[in-house]
Amino acid sequence: MYKFTFKINEKDIFNSTMNYNKSRITFLFDIIFTLVAFGVTIYSIINKTFFTFNTVYQVLLIICCLIFTVIQPILTYIKSVLHAKRIKNVVITMEFTDDKIKLSSTDDTTEVLYENVYDFIKYKNMIVVMYDAIHGQIMPNRIFNENKDEFYEFVAKRIKYAREKQKEKNN
């Protein structure tokens, strides 16, 4: 059994959003778009055509180079800070037993059976427990006291076992 009590801060929210963005298929588009923008900009500078462009085109090329590498992360961080301010006093307690997850916060208490966990994702800087396609709980690395891998294996085995048991029941 594992029990964690913690607060979520802006860094956790920012890292969670960036992890999510990197795991989506649109991240591939972001990379390709940025590489093409850099390529066009560098090519036009080398050929000295960049300086013959209208100022609006020059600014647009520069913005295209910066949109996913600088602008999007800055906006994400600002949103993370604003969200963290709204939840700064919320203390989360998560207890992982053999058959369920007990989640309680300042406002609410919930229990989720392992068979109902939508996804359980391990990132280098956190673990995320998804209760459905939209709702989940961030568990930052700082709460694990060097036993993140052990904890992950514990919960992953419980989820797998519960899903297999549920599948047997349905057959």
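Everything discussed here concerns the structure shown above.
Residues numbered from 1 in each chain as written. Predicted model: local features only at pLDDT ≥ 70, side-chain atom pairs only at ≥ 80, totals over all residues. Heavy atoms only, no water.

## Structural notes on the overall build of the protein
Here's step 1: Scanning the protein for helices and strands turns up four helices and seven strands.
Here's step 2: Each helix and strand of the protein, placed in order from N terminus to C terminus, yields the pattern β-α-α-α-β-β-β-β-β-β-α.
Here's step 3: Taking 16 Å as the expected radius of gyration for a compact globule of 171 residues, we find that the protein reaches 22 Å, considerably beyond that expectation.
Here's step 4: Based on the C-alpha atoms only, the size of the protein along its principal axes is roughly 70 × 45 × 30 Å.
Here's step 5: Counting the 171 residues in the protein, one finds 35% classified as buried.
Here's step 6: With an accessible surface of roughly 11500 Å², the protein has 60% of that area assigned to carbon and sulfur atoms.
Here's step 7: Looking at the protein, you have 23 positive and 18 negative side-chain charges, and the mean spots of the two groups are 7 Å apart. (Helix = DSSP H or I, 4+ residues; strand = E, 2+ residues; numbered from the N terminus. Rg over C-alpha atoms; globule rule 2.2 N^0.38 Å. Buried < 20%, exposed > 50% of the residue type's maximum accessible area, 1.4 Å probe, protein only. Areas by Shrake-Rupley, 256 points an atom, 1.4 Å probe, with all protein chains shown as cover. Lys, Arg positive; Asp, Glu negative; His and termini not counted. Charge placed at Lys NZ, Arg CZ, Asp CG, Glu CD.)

## A few points about helix 3 (residues 55–86)
Here's step 1: Of all the bends in helix 3, the greatest measures close to 70 degrees and is centred on Ile 67.
Here's step 2: Burial in helix 3 covers these residues: Gln 58, Leu 61, Cys 65, Pro 73, Thr 76, Ser 80 and Ala 84.
Here's step 3: The elements touched by buried residues of helix 3 are helix 1 (10–23) and helix 2 (26–46).
Here's step 4: N-capping of helix 3 is provided by Asn 54, with a side-chain oxygen placed 3.1 Å from the backbone N of Val 56. (Bend = angle between axes of the 7 residues up to and from the residue. Contact = heavy atoms within 4.5 Å. Polar contact = N/O pair within 3.5 Å; in protein donor to acceptor, adjacent residues only side chain to side chain.)

## Quick look at the side chain of Lys 100
Here's step 1: Structurally, the position occupied by Lys 100 is in strand 3 (residues 100–104).
Here's step 2: Here Glu 111 takes part through its side chain, which lies 3.1 Å from a polar atom of the side chain of Lys 100.
Here's step 3: Ignoring any residue separated from it by four or fewer positions in sequence, one finds Lys 100 in contact with Glu 95, Glu 111, Val 112, Leu 113 and Tyr 114.

## Considerations on a nonpolar patch on the surface
Here's step 1: There is a patch of nonpolar side chains on the surface, built from Val 59, Ile 62, Ile 63, Leu 66, Ile 67, Val 70, Ile 71, Ile 74, Leu 75, Ile 78 and Leu 82 and spanning about 860 Å² of accessible area.
Here's step 2: You can see Ile 62 is positioned in helix 3.
Here's step 3: Accessibility expressed as a relative area gives 42% for Ile 62, which makes it partly exposed. (Patch = residues over 30% accessible without salt bridge, like charges linked within 9 Å, V, L, I, M, F, W, Y side chains within 5 Å. Salt bridge = Lys/Arg side-chain N within 4 Å of Asp/Glu carboxyl O.)

## Focus: the pairing of strand 7 (residues 136–140)
Here's step 1: Taken across its five residues, strand 7 has four buried, putting it largely inside the fold.
Here's step 2: As paired strands, strand 6 (residues 126–130) and strand 7 are joined by five bridges and run antiparallel to one another. Bridge pairing links Val 129 to Gln 137 in strand 7. (Pairing = 2+ DSSP bridges.)

## Things to note about the layout of surface pockets
Here's step 1: Put simply, the largest pocket is a space of about 960 Å³.
Here's step 2: Residue lining of the largest pocket: 28 residues in total, with Ile 134, His 135, Gly 136, Gln 137 and Ile 138 positioned closest to the centre.
Here's step 3: Mapped by element, the contributors of at least two residues to the lining of the largest pocket are helix 1, strand 3, strand 5 (119–122), strand 6 and strand 7.
Here's step 4: A per-element tally of the lining of the largest pocket places helix 1 first, with five residues.
Here's step 5: For the lining of the largest pocket, the per-class residue count stands at 16 nonpolar, ten polar and two charged. (1 Å grid on protein atoms, 1.4 Å probe; cavity = no way out; pocket = protein on both sides within 12 Å on 5 of 7 lines; lining within 4 Å. Points joined across faces, edges and corners; volume = space filled by probe spheres on them. Nonpolar A, V, L, I, M, F, W, Y, C, P; charged D, E, K, R; others polar.)

## Quick notes on the packing of helix 2 against helix 3
Here's step 1: Contact geometry of helix 2 with helix 3 gives a least axis separation of 8 Å together with a crossing angle of 140 degrees. By the angle between their axes, helix 2 is oblique relative to helix 3. When the axes of helix 2 and helix 3 are compared, the crossing they make is left-handed. Residues Phe 29, Asp 30, Phe 33, Thr 34, Ala 37, Phe 38, Val 40, Thr 41 and Ser 44 of helix 2 form the contact with helix 3, whose own contacting residues are Leu 61, Cys 64, Cys 65, Ile 67, Phe 68, Thr 69 and Gln 72.
Here's step 2: In terms of residue class, the contact of helix 2 with helix 3 is made up of ten nonpolar, five polar and one charged. (Axes fitted to C-alpha atoms, helices over the stretch in contact; angles between N-to-C directions. Parallel < 35°, antiparallel > 145°, perpendicular 65-115°, else oblique. Left-handed = near helix turned anticlockwise from the far one by under 90°.)

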